[in-house]
Amino acid sequence: MTTGTPAALSLDVEWGKDTIRVTNISPQLPPDPTDSQIAAVVAAGRSNPSTWLPDPSWEAIARATPRPEPLTVQLHPTPDDPSGLLMVENVEGATLRSVVTRVLLSEIFPGPQPRTGMEVSEVPDPHVHGVTHEGRPAALVEYRYENLAHLRNHVWQTIHATLSLNSYATSILTRSVTRNLITHPVKISFEDGTEPLHVLVVRDGITRLASAWAVQAGHGADPAEVAGLATEALLGRAAAMTATGSGLAQRLAAGRAQWRQELREEFDQEMKSAVPGLRAAQIAQSYVVPAQIAIGIESHDGRVLSAEDVFDDAVRSVLASVHVEFKQWDVAAQNVEVITRALKRIIQQGDPRWNTAELQAVYGLAVGRIPVADLPQVFGGDPAPPGTALWRAVYLVSALTQPDLLELLKDQAKAIKGGKRMSMKGFGELLGPIIDLPWRAQKKLVTKQARNAWTNGGVLSNDVAKGWTPVPVDDFTTLIEPAMSGDYDARRTLAVAGGVALIADKLLTRNVGSSLGVRREKGGVPFRSDVNKVIEGLSRQTNELGLWTLALAANTFRDDDLPQNSVPKQSLTGKETATSDEPPYVYFKVDLAAEDHIARDAAGVPVPLYEWDVVAASDPDRATQLVVPPPAVIPAPVHVTTPTAVGGEPAQAHGEPAEGEPAEGEPAEGAESTSAAPGAPGPGLDPVTALFQYGAVPGPRDQAASVPPSQRAAAHRKALHLGVQGARDALDHLHTLEPEVGGHTPIVPVEQLDELHDLLVGILTDVENLRRRTVGDHTPEDGAPEPDGALELAQD
């Protein structure tokens, strides 16, 4: 060790309820790079023949590196290799060159993650575009955001969603981040004309990145607080944003530098203590992280991708080699990655059999870049298809199962996954997470069963791959007659539309042996059959019952809710709620003898459709040979209702803000505060303080000496009542918002639910004890009637 260099420290710190041994704490934090060091990195990058990046990208790399000299050394040519000491990585169809260094946590941004690509999120991912130089690929991509707010919200969402799934905070506090993050430069542009930014973006290691921010935030900080800290440090320094005389990129960089300076001062002050504390450990272990930065790309001969897509596909190949083969993503995330990359590769081949622009449109629909409402413009025709989520599914299935295209997609998917064969069931597994994109959040309670059904073949019956064209209509029942007359396109349209609806709403699942013998209304089936075989049977030309089942299912389907058939909504409190103007969302069983083809019981009430009926309709002859279970008692359909607001007044219909709530796009004034009742506490006020402030009752805090205890008790009774009412109202709002929150993020984290549960149990216990004492103090005279519940309380 060099004389005079302080040794690294190790110490024990309290992290929540645990004592953590923190190792190798550096006695000082690394400095920011100087202007001359940044210039040296830019010059070395320009002179390296194996890579090209624009100067702002080199500056972003240099600015993120606390000690740029080793980076400069890696870029300089050597006698043996003019490319220098760059790390070389051969991936499918390309060679990546990277530098390995340590970077400042506050200089790297989280990028779009494949793991959340199969989820519906409140904030959409940016559009990703490749960058070329002189017709060759560059190790750079462009992220296009709508505006700066879109970028801020996306950064917050990515950190928050990641920590909601997992965190390595304890491990990082112990020994810091030890494995390289895979990063590369990105140009961030904005559709509203805001000045573009050049930054480093993390493509793999997002959990390590988010966990480092969690260490910085401290134990007990929830994912929302950590995301807020990261977003504020990266993009939100007020002093930097209001500075004049420089561009946006310079102001944001200055803001991040100011944030680090404040952190250094705090760290230095901590290190002056005889024994440094927890805060010193938090800062030291999360200040810098190791990174592998991709800076060069070379396409191999015979590469079918266009130059714009080579680099992004190469990075995705690196990620897939880890997360598809080794440390796997969720199966749905893998499937989204495989099918979208396979389709992108086919687009780049320029096969004359298909129009490239049309394939790009199909790709845009598949990944969500083209909204559902644009479906009529994308496919056109006379008539054009309705712009609905169900018709999007029909047209995507039709496009992706055209015979020759289907075989190419399967070949590319096999190459990406490393398999040797792919059946139609395997292809259905890939399609599932793409088809359900528009309704994932709204139907997330049955998403698992729906994707299992796609894995079991989905709507891909034997004849679906023979090539067909959807027949757009407003009423699917109008397709039944032509389907029975031999119109193949009409039959396929009914099969796919009705099949998608039944699968999405858990009325057609991957039935297994345990479903046999189960009662009809409990999810039983009359016989076993693969999902695609059920669809094939329902759509047979001679099966009128099956075609009507498909048509009515397609007509009934809604993408914003679940039907009563699949997830009955029951009241846990017995509280009556106002009736919605919208009719109930229920699938009904088909009766060919009825005028409207809907089956009814002896009382004239429509009979709900169950999976038993769907499977039986696929082969009526086979079903009639089996023992039919006893008929279920069919309750009258429950009307879909809206939540009841405090005071018994009906809340606004779904999609409209209730009174006192902010309109869409406006920030709420308080943390889930509501205007539940007159005199409710305002933003930032606890109920007791608000009651006294608004003069409802005398204030015990201000007049403790003069106000009798009974009057102060009245104030607290009112505060208790309003507090419980407010909690009920907040919980109702959370239930309303839950379908709109991305599936990757719980509406309330589990640890917070545990804390709330403990708190509520304590409150309930205290309330019950008060109630028992009150009942005991007011025992009726002999012969007087007991109050309701008194006898039960006395016997407890």
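Within each chain, residues carry numbers counting from 1 in the order of the written sequence. For this predicted model, a pLDDT threshold of at least 70 governs which residues receive local features, and a threshold of 80 or more governs which side-chain atom pairs are given and counted, while totals over whole chains, interfaces and linings are taken from all residues. Based on all heavy atoms of the structure, the side-chain values leave hydrogens and waters out of the count.

1. Concerning the packing of aromatic side chains
The condition is simple: Classification of ring pairs uses Phe, Tyr and Trp, with its six-membered ring standing for Trp, and accepts pairs whose centres are within 6.5 Å; under 30 degrees between planes counts as stacked, over 60 as edge-to-face, and the remaining range as tilted. Each helix corresponds to a stretch of at least 4 residues labelled H or I by DSSP, and each strand to a stretch of at least 2 residues labelled E; elements are numbered beginning at the N terminus. Summary of the burial criterion: residues with accessible area below 20% of their type's maximum are buried, those above 50% are exposed, and those between are partly exposed, where the area comes from a 1.4 Å probe applied to protein chains only.
The final tally for this structure, using the stated rule, is six aromatic pairs. A centroid spacing of 5.1 Å and a plane angle of 70 degrees characterise the contact between Trp439 and Phe557, whose relative ring orientation is edge-to-face. Residue Trp439 is located in the loop between α17 (424-435) and α18 (447-455), and its partner Phe557 is located in the loop between α22 (544-556) and α23 (611-618); the two are separated by 118 residues in the primary sequence. For the pair Trp439 and Phe557, one class covers both residues: buried. Through successive ring pairs, a cluster of aromatic residues spans Phe379, Trp391, Tyr395 and Phe476.

2. So, the pattern of salt bridges
How we decide: By definition, a salt bridge exists where a carboxyl oxygen of Asp or Glu is found within 4 Å of a side-chain nitrogen of Lys or Arg.
Summed over the entire model, instances satisfying the criterion amount to 27 salt bridges. One connected set of salt bridges, linked through shared partners, spans Asp32, Arg63, Glu107, Arg256, Arg260 and Arg264.

3. With respect to the confidence of the model for the chain
To keep it simple, the criterion reads: One number per residue, pLDDT, summarises how confident the predictor is, and it ranges from 0 to 100. Between two residues, a contact is recorded if the distance between any of their heavy atoms is within 4.5 Å.
Chain-level pLDDT for the chain is 78 on average; 78% of the residues reach the 70-or-more range. Mean pLDDT across the elements of the chain bottoms out in helix α28 (residues 790-795) (34) and peaks in helix α2 (residues 55-64) (95). Between residues 571-580, whose pLDDT stays under 50, and residues either more than four places distant or in other chains, the model counts 18 contacts. Predicted confidence is poor over residues 627-703, with pLDDT under 50, and the contacts of this stretch with residues over four places away or in other chains come to 107 contacts.

4. Brief notes about the nonpolar core
Where we set the bar: Take the buried Ala, Val, Leu, Ile, Met, Phe, Trp, Tyr and Cys residues and link them wherever side-chain atoms come within 4.5 Å; each set so joined is a nonpolar core.
In terms of nonpolar packing, the biggest core is built from 91 residues, with Leu151, Trp213 and Ile295 touching the most fellow members. For Leu151, the contacting residues outside a window of four places in its chain are Tyr145, Ile188, Phe190, Leu197 and Leu235. If you look at the next biggest cluster of nonpolar residues, it comprises 85 residues, including Val362, Ala413, Leu502 and Val534.

5. Focus: unusual backbone geometry
A cis amide bond, omega 5 degrees, links Asp382 with the succeeding residue Pro383. With respect to the element layout, Pro383 can be found in the loop between α14 (375-379) and α15 (389-400). One non-glycine residue with positive phi stands out, namely Glu134, at about 55 degrees. Position of Glu134 relative to the elements: it lies in the loop between β6 (127-133) and β7 (136-145). Notably, Lys506 is not glycine yet its phi reads approximately 60 degrees, a positive angle. For Lys506, the position within the fold is in the loop between α20 (488-504) and α21 (531-538). Taking relative accessible area as the criterion, Lys506 reaches 28% and is therefore assigned partly exposed.

6. What about a nonpolar patch on the surface?
Definition in use: Residues forming no salt bridge and having over 30% relative accessible area are the ones grouped into patches, like charges within 9 Å of each other and nonpolar side chains (Val, Leu, Ile, Met, Phe, Trp, Tyr) within 5 Å. All accessible areas in this document rest on Shrake-Rupley with a 1.4 Å probe, and a residue is counted as covered only by the protein chains that are shown.
A cluster of nonpolar residues, Leu720, Val724, Leu753, Leu756, Leu759, Leu760, Ile763 and Val767, forms a patch on the protein surface that exposes about 690 Å² of accessible area. Among the secondary structure elements, those contributing two or more residues to the nonpolar patch are α26 (709-737) and α27 (750-777). Among the elements that line the nonpolar patch, the one with the most residues is α27, at six residues. Among the structural elements, Ile763 can be located in helix α27. Residue class for Ile763 comes out partly exposed when judged on its relative accessible area of 35%.

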